[in-house]
Amino acid sequence: MKKTMKKLIALILTGVIMMSSLPAAAADSQTTVVQPKTFTVGQTLIITVPGGIDVYSGPGITYDRILTLGYGNQLTVTDTTYASGWMKISCGGYSDGWVSVDEISVSADIITASPEYLYSDKQANVLSNVLNVYATPFFSNNLVGFLYKGQVVDAVGYTASGWTRVQYDRNGQLITGYVSSSWVKISDKPALTKTETFKKIYGYSAQIKTEYTAASVYASPRTDSSILTTLYSGQVVTILSQSTNWYRVTLNVDDEMITGYLHRSFATRLNALTNLRLNKTSKTLKVRGKYQLLLRGTTGMNVRVSWKSSKKSVASVTNRGYVTAKKAGTAKITCTVKVGTRSKKLTCTIKVSK
């Protein structure tokens, strides 16, 4: 009996020793402990998956859902004092939104922190022929627009990973996005004078310099005003007046005359008369045939135009350039353009056949 008890005690002790040497329970070994992320006030978070997250008006799903932020959208931490697992943020024009801390910290693939530093009174000059503007500070298919060489836009921030956040107006819509810092030159915004004194000038045009692919026409003589349209390299528009820093110009956009302001650093002033031409330099008509000669080019304001035929019996011309063939022969039609004391003559040879 004593021997049996000794064997039993020995077996029990052996089992205890073996159990103490076993690893932790399987359930415990499979438990993943997620350390909560550390957020700071003012930190910008970028949503990186299409699923996004919901933003509520208060700290809980019982509050109204303000909106859902999808891929590429941003939110900013405004208060790190958590209320029952919720964090206060600002986003999409809302300054008092709430998101679940658990959703951010546990699902690490939903939001990626992207520390961003703000610029003050800076602008970005585009160096690349065509520069992609992304919704988020990394290369993706989520494009929000394009910028072109020579275009100048507002630079509002940058990241340590090599991205610049820009803002610009596109047809009345404010576009905000990220471009690669390697393809922009950051500089101070030019000093904006409170007033610009403009003087009218006649017979001049402005041509966008060839080193600039694009230049903006603003609603007022300030680079922080809205952009009316964009001009491209070599494009010519009429100058109405000029100041120290600006041209006031007019141009036709989709059959609508637009008047705005173009910074003089982007354009070369031209004598408008040098760009004038007729739509035809020679034309053959049959007797009683008609044709209208048109003046091409940008003439500017206060321009006087007159027409004259060298042989009215062969071909006559009206004060609007309408030519009428009368009999066989040759006549030269002359168009005289005058701006102030300057003038230019353009001719077209009209051949009339029976």
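Treat the numbers as computed from the prediction; the structure is a model and nothing was measured.

Student: What is the right way to read the overall build of the chain from this model?
Tutor: For the chain, the helix and strand inventory stands at 3 helices and 31 strands. When each of the 354 residues of the chain is scored for burial, the buried share is 38%. A fraction of 57% describes how many contacts in the chain between residues 6 or more apart in sequence connect residues 24 or more apart. With an accessible surface of roughly 20700 Å², the chain has 52% of that area assigned to carbon and sulfur atoms.

Student: What am I meant to see in the sheet that holds strand β27 (residues 303–309) here?
Tutor: Across a sheet, strands are paired by hydrogen bonds formed along the backbone, either parallel or antiparallel in direction. If you trace the 4 strands from one edge of the open sheet to the other, you get β24-β31-β30-β27, paired in mixed fashion. The open sheet has two edge strands with one neighbour each: β24 (282–286) and β27. On average, each strand axis in the sheet is inclined to that of its neighbour by 25°, with strand direction left out of account.

Student: Looking at this structure, I do not really get the pattern of salt bridges. What am I missing?
Tutor: Here the idea is simple: oppositely charged side chains can pair when their charged atoms come close. On inspection of all chains with the given rule, the structure shows 1 salt bridge. Its salt-bridge partner being K122, residue D188 comes within 2.6 Å of it at the nearest N-O pair. Of this pair, D188 sits in strand β14 (residues 184–188) while K122 sits in strand β8 (residues 116–126), placing them 66 residues apart in sequence. A relative accessible area of 24% means that K122 is categorised as partly exposed.

Student: Explain the nonpolar core here, please?
Tutor: For soluble globular proteins, nonpolar side chains are generally found buried alongside one another. If you look at the biggest cluster of nonpolar residues, it comprises 20 residues, and the most contacted ones within it are L278, L293, W307, V323, I333, C335 and I350. Excluding anything up to four places from it in sequence, L278 contacts L294, L295, R296, W307, C335, L346, T347 and C348. Within the second largest apolar cluster, 15 residues are counted, among which are I208, V237, L262 and A267.

Student: Help me understand the pairing of strand β29 (residues 322–325), please; the structure alone is not making it clear to me.
Tutor: Walk down a regular strand and you will see the side chains alternate between the two sheet faces. Burial of the side chains of β29 is restricted to one face: V323 and A325 are buried, whereas none of Y322 and T324 on the reverse face is. Sheet topology places strand β25 (residues 290–292) next to β29; 3 bridges connect them, and they run antiparallel. Bridge pairing in β29 links Y291 to V323.

Student: Could you clarify how one ought to interpret the sheet that holds strand β28 (residues 315–317) in this entry?
Tutor: Across the sheet, which stays open at both edges, the 3 strands sit in the order β25-β29-β28 with antiparallel pairing between neighbours. Of all the strands in the sheet, just β25 and β28 have a single pairing partner and so form its edges. Neighbour-to-neighbour, the strand axes of the sheet open up by a mean angle of 20°, direction not taken into account.

Student: Just to check I follow, could you spell out a positive patch on the surface for this structure?
Tutor: Together, R304, K308, K312, K326, K338 and K345 make up a positively charged patch on the protein surface. One can find K312 in the loop between β27 and β28.

Student: How do you make sense of the packing of aromatic side chains when you look at a structure like this?
Tutor: For any pair of aromatic rings, the description consists of the separation of the ring centres together with the inter-plane angle of the planes. A complete count under the given rule lists 6 aromatic pairs for this structure. Geometrically, the ring pair formed by Y56 and W86 is edge-to-face, given 5.5 Å between the ring centres and 90° between the ring planes. You can see Y56 sitting in strand β2 (residues 53–56) and its partner W86 sitting in strand β5 (residues 86–91), a full 30 residues away along the chain. A residue is classified by how much of its surface remains accessible, and Y56, at 12% relative accessible area, is buried. Residue classification places W86 among the buried residues on the basis of a relative accessible area of 11%. A centroid spacing of 4.8 Å and a plane angle of 35° characterise the contact between Y119 and Y158, whose relative ring orientation is tilted. Here Y119 is found in strand β8, whereas its partner Y158 is found in strand β11 (residues 152–159), with 39 residues between them in sequence. Looking at Y119, the relative accessible area reads 25%, which means it is partly exposed. Sitting above the plane of the Y204 ring, R269 keeps its charged end 4.2 Å from the centroid.

Student: What exactly am I supposed to notice about unusual backbone geometry here?
Tutor: Residues other than glycine predominantly adopt negative phi, and peptide bonds predominantly adopt the trans conformation. The residue R288 is not glycine, and still its phi comes out positive at about 75°. One can find R288 in the loop between β24 and β25. Given the relative accessible area of 71%, R288 is considered exposed.

Student: Which parts of the structure should I look at to understand the confidence of the model for the chain?
Tutor: Residues shown with low pLDDT carry predicted positions that ought not to be read at fine detail. Mean pLDDT for the chain: 77, with 75% of residues reaching 70 or above. Contacts for the low-pLDDT stretch residues 11–36, under 50 throughout, to residues beyond four places or in other chains number 3 contacts. Note that pLDDT drops below 50 for residues 105–110; the model gives that stretch 15 contacts with residues more than four away or on any other chain.

Calculation rules
Residues numbered from 1 in each chain as written. Predicted model: local features only at pLDDT ≥ 70, side-chain atom pairs only at ≥ 80, totals over all residues. Heavy atoms only, no water. Helix = DSSP H or I, 4+ residues; strand = E, 2+ residues; numbered from the N terminus. Buried < 20%, exposed > 50% of the residue type's maximum accessible area, 1.4 Å probe, protein only. Contact = heavy atoms within 4.5 Å. Areas by Shrake-Rupley, 256 points an atom, 1.4 Å probe, with all protein chains shown as cover. Pairing = 2+ DSSP bridges. Axes fitted to C-alpha atoms, helices over the stretch in contact; angles between N-to-C directions. Salt bridge = Lys/Arg side-chain N within 4 Å of Asp/Glu carboxyl O. Core = buried A, V, L, I, M, F, W, Y, C linked by side-chain atoms within 4.5 Å. Patch = residues over 30% accessible without salt bridge, like charges linked within 9 Å, V, L, I, M, F, W, Y side chains within 5 Å. Lys, Arg positive; Asp, Glu negative; His and termini not counted. Charge placed at Lys NZ, Arg CZ, Asp CG, Glu CD. Phe/Tyr/Trp six-rings, centres within 6.5 Å; stacked < 30°, edge-to-face > 60°. Lys NZ or Arg CZ within 6 Å of the ring centre and 35° of its normal. pLDDT = per-residue confidence, 0-100.

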